[in-house]
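# Notes for the structure review
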Amino acid sequence: MIFGKKILLRSYKESYVEESFNLINNLEILSPLCHGNIFPLSLENQRDFIMKCMKSNEPTFNFAIEEKSTGKYIGGCGINSYDSKNRNVTIGMWLGEEYHGNGYGSDSLRTLCNFIFDEMNIFKIKLNYFSFNEKGRKCYDSVGFKVEGIRKNEIFRFGKYHDIIEMALFKEDLILK
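Residues numbered from 1 in each chain as written. Predicted model: local features only at pLDDT ≥ 70, side-chain atom pairs only at ≥ 80, totals over all residues. Heavy atoms only, no water.

### Description of the pattern of salt bridges
- Across all of its chains, the model carries nine salt bridges by this definition.
- A salt bridge links Lys124 to Glu148, with the nearest nitrogen and oxygen atoms 3.1 Å apart. With Lys124 in strand 6 (residues 124-130) and Glu148 in strand 7 (residues 146-157), this residue pair connects regions lying 24 residues apart in the sequence.
- The class for Lys124 is buried, based on a relative accessible area of 18%.
- The exposure class of Glu148 is partly exposed, given its relative accessible area of 45%. (Salt bridge = Lys/Arg side-chain N within 4 Å of Asp/Glu carboxyl O. Helix = DSSP H or I, 4+ residues; strand = E, 2+ residues; numbered from the N terminus. Buried < 20%, exposed > 50% of the residue type's maximum accessible area, 1.4 Å probe, protein only.)

What follows is the structure in structure tokens.
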């Protein structure tokens, strides 16, 4: 387990299937995560995802996020792609809606990034977000991510096109509040 101030990152457990299904199956959560059409997830799809996460697939990896004080599952994060030659990774993260705005996101992201820099010897951490995801942007900024590029009108959501913002973080820019 990897400990943050308010959260801990751990490997997935089968017991998370139903809770993760209930947390993620929400338009507010799915819309900033999915590139394609947003359809409700089935319980079986979520079970398959968690079972896949339970198998070690280094160097990409998904962590469950637990609230430290209660041990309750609140979301997920992980390394979505890994480039060993250039020592960079692309990450992603999500939290259940009820956990937004309470510091869980920034603590989760900070904890994940610190682990990646210190334990994996990664030089650069990247992420992408959709321009309508203002909550995500505030979280990324608070940890030290900087904009590197904008892919204009890349995703169609809510009846119009939106940009995809590319961000990156170097170890010296990580804000460890």
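### Structural notes on the pairing of strand 4 (residues 73-83)
- Direction of pairing for strand 3 (residues 61-67) relative to strand 4: antiparallel, over a ladder of six bridges. Note that in strand 4 the partner of Phe61 across the bridge is Ile79.
- Connecting the antiparallel pair strand 3 and strand 4 is a turn made up of five residues, with Gly71 showing a positive phi of about 75 degrees.
- In the sheet, strand 4 pairs with strand 5 (residues 88-95) via eight bridges, with the strands oriented antiparallel. Residue Cys77 lies in a different strand from strand 5, and its bridge partner there is Met93.
- Between the antiparallel neighbours strand 4 and strand 5 lie four residues, among them Arg87 with a positive phi of about 55 degrees. (Pairing = 2+ DSSP bridges.)

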